[in-house]
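Chain by chain, the residues:
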Amino acid sequence: MQLTQFFIKSLKTSVAVAAVILAGCADTSPIQPAASSKSQFEGAVYGGESVTVSASTLGTEEYRVFHQGSTGFVSVQSVRTDAEQRATEFCDRKGTAMKTLRETTSKPPHILGNYPRVEIIFGCVARPGMVGAPADDDSKYTKLLNLKKLLDGGVLTPQEFEREKAKVLSQP
């Protein structure tokens, strides 16, 4: 009887420790101006894949945000969501909207030393509806973000993504 209780207690402790280890803390860096900061992918053992999401807007300062999962058991999408949230909150504090310009994501397999990582280069732009906010850009931006999510989810191949991206960017 005592052995069974000891085993159950040990099992509960092991599960709790494993949950803490797997949940862990993510690695983040402060949001910095892109022009004066270095990419976390630069010089890394495991590289990433970069995609241009939207063209830079003249006169808009570009910022860099980096986010990395603490284990290989988190998805790139959840890491991206965290990075996008940080960037959005940063621009919200400025009274503007976040616009993703470029994104670099880690390439699988996500193993020890190559955890899911996302780096977003973004700008803080006028919110839709504000004076000077181009409505067409927001529509293109939304379409490009949706295409990128389909690419990352494996729904689109890189070739299909590039073809669809070219269609969106060529629209007036």
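Conventions and cut-offs
Residues numbered from 1 in each chain as written. Predicted model: local features only at pLDDT ≥ 70, side-chain atom pairs only at ≥ 80, totals over all residues. Heavy atoms only, no water. Helix = DSSP H or I, 4+ residues; strand = E, 2+ residues; numbered from the N terminus. Polar contact = N/O pair within 3.5 Å; in protein donor to acceptor, adjacent residues only side chain to side chain. Contact = heavy atoms within 4.5 Å. Salt bridge = Lys/Arg side-chain N within 4 Å of Asp/Glu carboxyl O. Disulfide = S-S within 2.5 Å. Expected span 1.5 Å × (residues − 1). Buried < 20%, exposed > 50% of the residue type's maximum accessible area, 1.4 Å probe, protein only. Arc of directions from axis to C-beta. Patch = residues over 30% accessible without salt bridge, like charges linked within 9 Å, V, L, I, M, F, W, Y side chains within 5 Å. Areas by Shrake-Rupley, 256 points an atom, 1.4 Å probe, with all protein chains shown as cover.

Once that is clear, we can look at the side chain of Ser39. For Ser39, the position within the fold is in the loop between β2 (32-33) and β3 (48-52). A polar side-chain atom of Ser39 sits 3.1 Å from the main-chain amide nitrogen of Phe41. A polar atom in the side chain of Ser39 sits 2.7 Å from the side chain of Glu119.

The subject of this paragraph is the environment of Ile121. Here Ile121 lies in strand β6 (residues 117-125). Along the sequence, Ile121 and Leu101 sit 20 residues apart, while their C-alpha atoms lie 5.6 Å from each other. Setting aside residues no more than four positions away along its own chain, Ile121 makes contact with Ala34, Glu62, Tyr63, Arg64, Lys99, Thr100, Leu101 and Arg102.

A few words now on the pattern of salt bridges. Counting across every chain of the model gives nine salt bridges. Between Lys148 and Asp152 there is a salt bridge, with the nearest N and O atoms lying 2.9 Å from each other. Of this pair, Lys148 and Asp152 are both found in helix α3 (residues 135-152), four residues apart, which corresponds to roughly one turn of the helix. In this structure, Lys165 engages Glu162 in a salt bridge whose closest nitrogen and oxygen atoms are separated by 3.8 Å. Of this pair, Lys165 and Glu162 both sit in helix α4 (residues 158-170), separated by three residues, roughly a single helical turn.

Time to look at the state of the cysteines. Evaluation of the coordinates by the stated rule reveals one disulfide. Here Cys91 pairs with Cys124 through a disulfide, and the sulfurs are 2.1 Å apart. Because the torsion about its S-S bond is -80 degrees, the bridge between Cys91 and Cys124 counts as left-handed. Highlighted residues: Cys91 in helix α2 (residues 76-93) and Cys124 in strand β6, separated in sequence by 33 residues.

A separate point is α2. Under the 1.5 Å per step criterion, the end-to-end length of α2 is 26 Å for 18 residues, consistent within 8% with the ideal 26 Å. Of the positions making up α2, those classed as buried are Val76, Val79, Arg80, Ala83, Glu84, Ala87, Phe90 and Cys91. Along α2, the residues classed as buried sweep out an arc of 135 degrees about the axis, all on the same side. Of the residues flanking the end of α2, it is Gly95, one or two places downstream, whose phi is positive at about 75 degrees.

A few words now on the environment of Ala97. Tracing the chain through its elements places Ala97 in strand β5 (residues 97-106). For Ala97 and Arg127, which are 30 residues apart along the polypeptide, the C-alpha to C-alpha distance reads 5.1 Å. If we skip the residues at most four places from it in the chain, Ala97 touches Cys91, Gly123, Cys124, Val125, Ala126 and Arg127.

Here we take up α4. For α4, which comprises 13 residues, the first-to-last C-alpha distance of 18 Å matches the rise-based estimate of 18 Å (1.5 Å per residue) to within 8%. Taken together, the buried positions of α4 are Phe161, Lys165 and Val168. Seen end-on, α4 carries its buried residues on one side only, within an arc spanning 60 degrees. Those residues of α4 that are exposed and aimed more than 90 degrees away from the buried face are Gln159 and Ser170.

The grouping of Val45, Tyr46, Ile111 and Leu112 at the surface amounts to a nonpolar patch, some 440 Å² of accessible area in total. Structurally, Tyr46 can be placed in the loop between β2 and β3.

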